[in-house]
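Take a look at the letters that make up each chain.
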Amino acid sequence: MPDPTSRTPQQPTVDVLVVGGGPTGLTLACDLARRGVRTHVVEASDRLPAGSRGKSLQARTLEAFDDLGVIGAVQAAGAPFPPMQTWRDGERGGEWQLIEPDPEAPVSRQPQQWLIPQWRTQEILRDRLLELGGTLECGARLVSLTQTDTHVTAEVERSDGGRRLMTVPYLVGADGSHSSVRESLGIAMKGEDRGLRSAVVADVRVRGLDRDHWHIWPDDPPGELLLCPLPGTDDFQLNAKITGDEFTATAETVRSLVAERTHLPPDAVTDVPWSSFYRPRTAMAERFRQGRVFLAGDAAHLHPPGGGQGLNIGVQDAYNLGWKLGQVIGRGAPVTLLDSYEAERRPAAAGVLDLSTRLYRAGRKPEDGRQSRLRGKVCHLLSVHYRDSELSTDARALRSPTGVRAGDRAPDLPCVTADGPCPNLFGLLRGPDFTLLAVNCAPPRATPGVRIHHVTGGPLAEELGTGLFLIRPDHHIGLAADSPELVGRYLARMGLMSGEGWTVVGVRPGLSTGRAVRRATPWP
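These figures come from a predicted structure and were not determined experimentally.

Caption draft 1: Seen up close, the overall build of the protein. Scanning the protein for helices and strands turns up twelve helices and 29 strands. Counting over 524 residues, the protein shows a buried share of 58%. Considering only contacts in the protein between residues 6 or more positions apart, those separated by 24 or more positions represent 71%. On the protein, roughly 20,400 Å² of surface is accessible, and the fraction owed to carbon and sulfur atoms is 48%.

Caption draft 2: Local environment of the state of the cysteines. All told, the structure shown has zero disulfides when counted by the stated rule. Unpaired in this structure, Cys-422 has its nearest cysteine sulfur neighbour in Cys-415, at a distance of 4.6 Å.

Caption draft 3: Quick peek at the sheet that holds strand E4 (residues 79-80). The sheet built from three strands is open, its strands ordered E3-E7-E4 with antiparallel pairing. For this open sheet the edge positions go to strand E3 (56-57) and E4, each flanked by a neighbour on one side alone. Pairing geometry for E3 and strand E7 (residues 114-115), over two bridges, is antiparallel. The residue bridging Ser-56 from the neighbouring strand is Leu-115, located in E7.

Caption draft 4: Region of interest: unusual backbone geometry. Of note in this structure, Asn-440 is not a glycine but carries a positive phi near 55°. Checked against the element boundaries, Asn-440 lands in the loop between strand E26 (434-439) and strand E27 (450-457). For Asn-440, a relative accessible area of 31% gives the class partly exposed. Positive phi, normally seen in glycine, also occurs at His-475, with a value near 80°.

Caption draft 5: Just the packing of helix H2 (residues 59-68) against helix H7 (residues 310-331), in detail. It is at 9 Å that the axes of H2 and H7 come closest, and there the two elements cross at 40°. The angle between the axes of H2 and H7 places the two elements in the oblique class. Both H2 and H7 take part in a crossing whose hand is left-handed. Residues Arg-60, Thr-61, Ala-64, Phe-65 and Asp-67 of H2 form the contact with H7, whose participating residues are Asn-312, Val-315, Gln-316 and Tyr-319.

Caption draft 6: Representation of the pairing of strand E14 (residues 198-206) within the structure. With eight of nine residues buried, E14 is to be regarded as a mostly interior element. Pairing between E14 and strand E17 (residues 236-242): seven bridges, direction antiparallel. By the bridge assignment for E17, Val-201 is matched with Asn-239. Relative to strand E18 (residues 269-278), E14 runs antiparallel, the two being bridged by seven bridges. Its bridge partner being in E18, Ala-202 is matched across the sheet by Ser-275.

Caption draft 7: How the structure looks around the sheet that holds strand E8 (residues 135-138). Read across the open sheet, the six strands follow the order E8-E2-E1-E12-E21-E20; overall the sheet is mixed. For this open sheet the edge positions go to E8 and strand E20 (289-290), each flanked by a neighbour on one side alone. Bridging between strand E1 (residues 16-19) and strand E2 (residues 39-43) involves four bridges; their strand directions are parallel. By the bridge assignment for E2, Val-16 is matched with Thr-39. The sheet strands contacting helix H1 (residues 23-33) are E1, E2 and strand E12 (170-173), and the helix crosses E2 at an angle near 165°. Its contacts with the sheet place H7 against E1, E12 and strand E21 (293-295), and it is angled at close to 175° to E12.

Caption draft 8: Spatial organisation of the pattern of salt bridges. Counting across every chain of the model gives 31 salt bridges. The residue Arg-396 makes a salt bridge to Asp-394 at a minimum N-O spacing of 2.8 Å. Of the two residues, Arg-396 and Asp-394, neither departs from the other in class, the shared state being buried. Within the structure, one salt-bridge network assembled from shared partners comprises Asp-31, Arg-34, Arg-35 and Asp-67.

Caption draft 9: Structural detail: the pairing of strand E15 (residues 214-217). Side chains Trp-214 and Ile-216 of E15 all project onto a buried face; the interleaved residues His-215 and Trp-217 project onto the opposite face, where all are buried too. Two elements, strand E5 (residues 84-88) and E15, share three bridges in a ladder whose sense is parallel. Residue Gln-85 lies in a different strand from E15, and its bridge partner there is His-215. By the bridge criterion, three bridges tie E15 to strand E16 (residues 225-229) in an arrangement that is antiparallel. When the bridges of E16 are listed, Trp-217 appears paired with Leu-225.

Rules and cut-offs
- Residues numbered from 1 in each chain as written.
- Predicted model: local features only at pLDDT ≥ 70, side-chain atom pairs only at ≥ 80, totals over all residues.
- Heavy atoms only, no water.
- Helix = DSSP H or I, 4+ residues; strand = E, 2+ residues; numbered from the N terminus.
- Buried < 20%, exposed > 50% of the residue type's maximum accessible area, 1.4 Å probe, protein only.
- Contact = heavy atoms within 4.5 Å.
- Areas by Shrake-Rupley, 256 points an atom, 1.4 Å probe, with all protein chains shown as cover.
- Disulfide = S-S within 2.5 Å.
- Pairing = 2+ DSSP bridges.
- Axes fitted to C-alpha atoms, helices over the stretch in contact; angles between N-to-C directions.
- Parallel < 35°, antiparallel > 145°, perpendicular 65-115°, else oblique.
- Left-handed = near helix turned anticlockwise from the far one by under 90°.
- Salt bridge = Lys/Arg side-chain N within 4 Å of Asp/Glu carboxyl O.

Structure, rendered in structure tokens:
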């Protein structure tokens, strides 16, 4: 496995200090850096965390990575999930799919779950962060933090014993389940014992297995054992449930597991580069924010690995928080905008906790079409919405005939604009700005920080219906309205204009801008 390097400034001038160099922290840092927010990441280990760990990227995560400019590297380093191959008594059984595509899933250019070792995902994000001008410091751990109404002071200790104080406007703890940031804040994790069995995960090299299948031995009484080939490597990821809570994951114990539960001899495992024993937990932090400090990913919520949701929900935390910090720090948006982070992400995380627990308990059952369809229907994260958020206002007199509402992920559909046809909406949305869609109505005049597209037809227009749709930088519809004045007021809340002087350059005949509107929430 390549040894990731880090670039460390002597005394960085930082707007946001991110604690934790996993996928959540690096995603957030990339999103902030592309907005011009000075961002520094500290990672306690001397190198980025090892191991394949969270190897599955869901559709919604791939969309975020596309927006951040890393989708090409992710696709080149990974592959679609291979078919499952059942083994019984040393003989191949049936071949089957772990995940069946959901025909009712929202349209996405990234419909497939993508297989890539987590360490490689981290390298790609690290390289993008450095390219964008952010900085990463490995071998630096948070010792303590204090905060005032204006700043956070963090004490950071390097692996050589040296310590320094960093004073920053904001700090984000993305430092995993044993978060030092969470502990420093005194925020408790609340969960329940759901009787989930312990497990071993390891990266192994194995002789005697093809790399075209995800191999499963389902019938051992202690639980199934699986070996999944990892793209771009010679490794397989091993997963095996364990009876009891006492187990030491070593090369020898991993070899013994393989020999006990498969037809392979112990020496078929030629190397064990990384291994881990874990006890699955379901828990949620009492709060995701305290003053100027935020929690994201496993620091905020713990998920069993069922359905491959943990890494992905952490990336979505980062994708939600990044644009909000960017608006407050770089655009002068009111600090109250940051209150919406916990309000939006806590319900999303709670839903994933229940889903992950259910799928982990079920395991992978060969030829179980019902379970494969369930995984396909619920794991993509494309249906997560923020309809109940204070940032979501649907003020149209006539709602979309298809039910699309403010707070939903915008439909990634083809459209016809005044500039010509576009194969998909997200191609127009790519980048850190808000986007205003004027669908079958006259668009307002441009304003800094907002891209405006006049949509005149196509499937997107049919899906949304007539109106003005303000799309947030994370692809969710913030405002759906008939009145340009409401757009101006909403943008003022985002720090993008004063709220005065929003000029209408034309109004579609029959469109009234003065009538009363329904407002789902106090915004805008």
